[in-house]
Each structure stands twice: as structure tokens, then as C-alpha cells.
Protein chains: 2
Amino acid sequence: MEFKRLRYFLAVAEELHFGRAATRLDMAQPPLSRQIAALEAELGVQLFDRSRSQIRLTQAGQTLQEHARQILARLDAAYRETKLIGAGGAGRLRIAFVGSASHGILPNLIKAFRSAYPEVELALSSMNNADLQRALVQREIDVAVARPELKDEEFRRELLYREKLILALPDTPHFAAQAEIRFADLADQTFVLYPRRPRPSYADVVLGICAREGFQPARLELTQDFQSAISLVSVGVGLSVAPESVARTQRPGVIYRPYVGFNPGTALTIHARLDNRAPQVMNFFGIARKHARRHAQERKTAQDAS
Amino acid sequence: MEFKRLRYFLAVAEELHFGRAATRLDMAQPPLSRQIAALEAELGVQLFDRSRSQIRLTQAGQTLQEHARQILARLDAAYRETKLIGAGGAGRLRIAFVGSASHGILPNLIKAFRSAYPEVELALSSMNNADLQRALVQREIDVAVARPELKDEEFRRELLYREKLILALPDTPHFAAQAEIRFADLADQTFVLYPRRPRPSYADVVLGICAREGFQPARLELTQDFQSAISLVSVGVGLSVAPESVARTQRPGVIYRPYVGFNPGTALTIHARLDNRAPQVMNFFGIARKHARRHAQERKTAQDAS
DNA sequence: TTTGCCAATACCTGAAAGGTATCGCATGAC
DNA sequence: GTCATGCGATACCTTTCAGGTATTGGCAAA
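Residues numbered from 1 in each chain as written. Chains lettered and ligands numbered in written order. Predicted model: local features only at pLDDT ≥ 70, side-chain atom pairs only at ≥ 80, totals over all residues. Heavy atoms only, no water.

Asker: Explanation requested: the protein's contact with DNA strand D in the structure shown.
Answerer: Around DNA strand D sit 18 residues in total, of which Pro30, Ser33 and Arg50 of chain A together with Tyr8 and Arg34 of chain B are the nearest. Among the atoms of DNA strand D close to the protein, meaning within 4 Å, 62% are from sugar or phosphate groups. Within the side chain of His17 of chain A, an N or O atom sits 3.2 Å from a phosphate oxygen of DNA strand D. Residue Arg5 of chain B places a side-chain N or O atom 3.4 Å away from a phosphate oxygen belonging to DNA strand D. Of all the secondary-structure elements, those providing two or more residues to the surface near DNA strand D are α2 (18-24) and α3 (29-43) of chain A together with α1 (3-15) and α3 (29-43) of chain B. The greatest single-element share of the surface near DNA strand D, amounting to four residues, is contributed by α3 of chain B. Of the residues assigned to the surface near DNA strand D, the class counts are eight nonpolar, five polar and five charged. (Near = heavy atom within 4 Å. Polar contact = N/O pair within 3.5 Å; in protein donor to acceptor, adjacent residues only side chain to side chain. Helix = DSSP H or I, 4+ residues; strand = E, 2+ residues; numbered from the N terminus. Nonpolar A, V, L, I, M, F, W, Y, C, P; charged D, E, K, R; others polar.)

Asker: Can you help me understand the side chain of His271 of chain B in this one?
Answerer: The topology assignment puts His271 of chain B in strand β12 (residues 266-273). Only 2.9 Å separates the side chain of His271 of chain B from the backbone nitrogen of Leu150 of chain B, close enough to count as a polar contact.

Asker: It is not clear to me how the confidence of the model for chain A should be interpreted in this structure. Could you clarify?
Answerer: Detailed reading of predicted coordinates is not advised where the pLDDT is low. In this model, chain A carries a mean pLDDT of 89, and residues with pLDDT of at least 70 account for 99%. Taken element by element, the predicted model of chain A shows its lowest mean pLDDT in helix α7 (residues 173-176) of chain A (83) and its highest in strand β3 (residues 91-97) of chain A (95). (pLDDT = per-residue confidence, 0-100.)

Asker: Help me understand the interface of chain B and chain A in this model?
Answerer: Interface size is commonly expressed as the accessible surface area that is lost when the partners come together. Across the contact, 35 residues belong to chain B and 35 residues belong to chain A. Between chain B and chain A, the buried area comes to about 3,400 Å², and carbon and sulfur atoms account for 58% of it. At the junction of chain B and chain A, the tally comes to six residue pairs in polar contact (both at pLDDT 80 or more). With 17 residues, helix α4 (residues 59-86) of chain B is the largest single contributor of residues to the side of chain B that touches chain A. Grouping the constituent residues of the side of chain B that touches chain A by class yields 14 nonpolar, nine polar and 12 charged. (Contact = heavy atoms within 4.5 Å. Buried area = accessible area lost by both parts, 1.4 Å probe.)

Asker: Explain the relation of the copies chain B and chain A here, please?
Answerer: Both copies of the chain are related through a single rotation about an axis accompanied by a shift along the same axis. Superposition of chain B onto chain A requires a rotation of 180° combined with a translation of 0.1 Å along the rotation axis, giving an RMSD of 0.2 Å. Viewed as a symmetry operation, the transformation between the two copies matches a two-fold axis. In terms of proximity to the rotation axis, the leading residue of chain B is Glu2 of chain B, whose C-alpha is 2.7 Å off the axis. With an isologous cut-off of 70% or more, the 100% of interface residues of chain B that recur at the interface of chain A puts this contact in the isologous class. (Least-squares fit on C-alpha atoms with pLDDT ≥ 70 in both.)

Asker: Looking at this structure, how should I read the sheet that holds strand β5 (residues 143-146) of chain B?
Answerer: Sheet strands pair by backbone hydrogen bonding; their relative direction is either parallel or antiparallel. Residue and element names in this part refer to chain B. Spatial strand order, β4-β3-β5-β12-β6: five strands in an open sheet with mixed pairing. For this open sheet the edge positions go to β4 (120-126) and β6 (155-163), each flanked by a neighbour on one side alone. With direction set aside, neighbouring strand axes in the sheet form an average angle of 20°. Bridging between strand β3 (residues 91-97) and β4 involves seven bridges; their strand directions are parallel. Directly across from Ala96, in β4, lies its bridge partner Ser125. Against the sheet, helix α5 (residues 106-116) engages β3, β4, β5 and β6, with an angle of about 165° to β4. Packed on one face of the sheet, helix α6 (residues 129-137) meets β3, β5, β6 and β12 and runs near 165° to β5. (Pairing = 2+ DSSP bridges. Axes fitted to C-alpha atoms, helices over the stretch in contact; angles between N-to-C directions.)

Dropping the structure here:
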């Protein structure tokens, strides 16, 4: 049995005339007659009453007509839906990101993707770099937004943007009074860093700055992610070092301040498995690339102006 | 697109291995690979991730798999249902019969058909001979059970059984007292006959008997069908002449009695359009033929014994 | 580097679908 | 009754395409 035969059958069932049906199907009448005869033979059933000069559907023909309509409609739906998903116009995209990414351009990027592909369902979650790597490898997510970039040859990556590091300080008179803070002067402070595991991690980047500035922090508090670290800062446990984009979101008990000293900056990068060429992923990277370029351009313009 | 391709696709989607899928489909691997590739080309969509040595369904592949399952299930249902109806094992059969048929073997015949083909829906109705003929010609019914047989070369027919005529008399002392009733003695009675239109009809058969017995009824009351005629007899309007099978159903106010005199008998015959070779009709005729034979045999045996 | 597995490709063969011409049969006109 | 007409079925040819065998290519494990 083939779809073609069902289509032929439907045409004849609707026209009740082989010649007209053949015309409508853009073919000659003899092969159409033969296909219908073959269909009847295949089913072992009379589908048409050919008595006299007039053709009528038998009961069996009527039920087959009903089924054929539904089958072909369903086939058409399968066709359209599959093509749409295959083109990335629908489906599902699982994105995970580090906590500190939710303050930068990532929200805009996601908004842009949503408006470009409204039918793609986004599954968003937040995790630290190590979990991002594991989840990506195990195909639990499609896209990882990490800081700094994940070291894995099997990943496709696109740099979203670079930014300076700033200090996240508890809102105390001690810090508020200072016009300028030198990193080297922070040796006796408690540093709240993250993630605790696995090491080396972003925490070691900050410890690297300390070393470069000639000290080891007096006290070290390690948390699992950025959000927890900032919480500890807000209740006065100590200070932290964060990407400057997080300063856009003000939080009671926390003040953000630039510092004087070694500032390697930090970069936000999106990743996907190289072998995951799903159109949803490729489209996301496409939009991300445009966003990254525009953002870089804007920073450059702003820098030139200042 | 063809069903075969969907089946191939499903096999590969389930096995996730072209070689095993090909074995399961009882074919070689290369043509299977080609068919899948053709399907992907036709849809313009990647259905499988062939990265590394392992095969995975893409999102598009997953949705197609879902659709394909439903389409093939539906196709299978269409197949089975159409074949069943085509073989007469299901569907619908419209039977109409004259009122006087509901007392003879027709109920048994219908019961027999129902138990042989329980899935065939029976649409039963009652009408007089003239309407039976019209309804059959206009394809409003499939089978007509008529008395006497319908004169039309375009009908297939099968005689169900012949029977004697008897008198249907009002339950009065006058008739109850007589041991034997001679038809010729009924000249001064009111005859309740049917149908009124169109003529000639069964009413004229009875008038023919009267003529043969040498009289015309003193009074004539014409009704549209057998049921109405018997009702009139039951309230004492007059007498009627009926097939003896109706006597099996006793009715208050009516007594059935044989008579002495000319008795041409009457026959119940089933009809269908010659061009209606629907299996439901053919099956009904088949059962009817068996019933007719058995009934004739029983009567003969009973006759020989007496 | 080699071996093995597995899908893809090359090439051939055969079945089947489509086209043209024609037949057979019924219907309706004269 | 005969003839013309309409329409589906059949005969025969051509072309397309699905399937088979042999082989290649690429990746992964030994």
C-alpha cells in the first residue's frame, strides 16, 4: 500500500469518474484505473460499484475514504511539523548558564532568540562551570553559557563578551569612605570566592590576582556559586570579586567598586557539542554571534569617546 | 513519500542501527541507508545524528517517529476495517418488509443473520409492497421482503416460503359456533382488505377468491396495511383474509380459522437490486436460502406424516 | 599502526508505474 | 435496429526506481 494509491483513491471517490479524477491528478486514465484495481485486489475488496455507466462507492469504499482522508491529513501534519523542527522553527533548546551571567547580555540574547523563534521552547537552568561541562558532555543540555570558557576540544564556542573585574564589598563605612581602593590593600580582608569544587576554578583566578598583588588573603570563604557568595558579602562576611556586569543589579548590603591593580578581566562564552548540529543550536549561535559583535562595537565606540 | 519509507524509518529509529534494522526488515543494508537518505532529502531535514559510531534521533526525527507510528497504526486499522466490511463482517444492511411478514420465519431469519454477523448493523423498517419496490429502486433500502413478489427484472429474488390463506374473524358467537366455514358463505360479510393504494394489490387477490367462489363482498373496507386491517377485525368491523403464519400471534378479539374453498396461498419473497452485490446483501440471501430450504423440508415432513 | 565495525557509494538488475493506442460495453439518438 | 458516443478496461511499450552485491571510507579500539 502506498500514499499515492490512497490519493488516487480519494480523487476517484470524490469525482466518481475515472477520467476527471485522472485529469485532476494530472495523469492518464488507464494507469489510474489500474492502480485502483490493484488497491482493490490488495484489499480483496470491492471499493466501487461500477454497474451501469455510473460509479458509486461501496460501504467498504466509504470507510476507506474516511480513513484515507485522516491518514493523508496526518501525513501532511507530520511533513510540516518535521520540516519546521528540522529548520529550527520549533522544538526545544536546553540552555544552562553560570549564575553571574544573568546580569549581562544573556537576558537580551535570550529575548532576541525568543522573538526570532517563538515556537522553540527554552529550558533554562543555572549551574556552575563544572556542571555545565558535565551536562554538555552527557547531552543533558544543548548550550552552556560559562565563565571562563570550558576547556574541551569537543565543544563549539562563541565568546559573548569580555569585561573587567570589580569588587563586591559589604556596605560598611570602612569601604564607603575610600575614594579609590587598591587591590594590594585588601590583604587582611576575608575573600568570599566560588566555586568550592572542583578546583582549579574561578576562585583560583582571584587567588592569582592576590598573588600577583603580593599577598594571600587573610581568610577565605568558599561557596558553591556566585549567588551564594554575594549573599555572604551582603551580610558582611567579607568581600568578593565579580564581573562588572553584575553591578547593574544593585543589592542591599552590597556595593560594587572598581579597584586599582591587576585586572585580567573575565569572559562569558557559550558552548555546544561540536557534534550537536541541531538547527536550534546553530540558530542560537547565530544570534549570539550578532549580539557579541554589536556589543563589542558598542564598547569600542564608548571607549573611543571617553 | 511512501508507507514503506515510514516503516523503514521506524525500524532504524527503534534499532538505532542500520544493519540490525535491515535484518529486521529482511533486506540488505545499502538500500535501507539510501531510503533513509532519500527521506531526509525529501524533507530537507536531518533525521538522525550519525556522529561517531553511534546513531541518535534528532528532534525532527523524534517527532516524525511519533507521527509515523500513528500513521501506520491508522493505516493498519483502515486495512482491517475495510477488509472486514468488504467481506460483509461489518457494516450496515437496510431491510424493509411487509407488515404480515413479522409473524412468520422472518424474525428467525433476522436472528440467524444477527448471530452470524453480529457486527452488521441492521436498519429494519416496515412498508407495503409498492413502497418496497420504490425504496429498492431508489436504493433507500438494500433488501425488500415482499408479499407477493415484486415484478421487476432488475431484482434478485429468493422465495422464503409459501403458505395457505386463512380467515381472520371477529371473536363473535356467530363464527365461533361453526365447525367449518365455507368461503362461499361469506358473501354477506364485510371484508377488510389492504393495501388501499396502489391497485392492483393483495386486496385484489382476495377479491379474486370471492369471484371464484361466486360473489362480490357485500361491503368492503380498505386499509393501508395488514396491521390496520387486523385492528379493524378485532373491533368487529368485518373479517379479513391473511397468511396462516399470522395466526401464531393470538390477538384479543380476533380468531383465525381455515376455510373451505379456493385457496391460492401466498408467498413471501426477499428482493435486492441485481446490481447490489454488497457482501452484506449476498450473505443475507445465503442465510435466507438455507432457511427457505429447511422450512420447506419441515413442511414436507409434517405433510407426509399427517 | 592495524583491525574491525558500520554506514555510504558504485553499479547492476528487475519490478512496477506511467504513457499511448485500442478494445468492449453500455447508453441514447435517429 | 443501427450508429454514435462516452467511459472504463486491456495490451504493449518505456522509463523510473527500489533492491541486491561488491566495495569504499571513516572512526574507534586494540
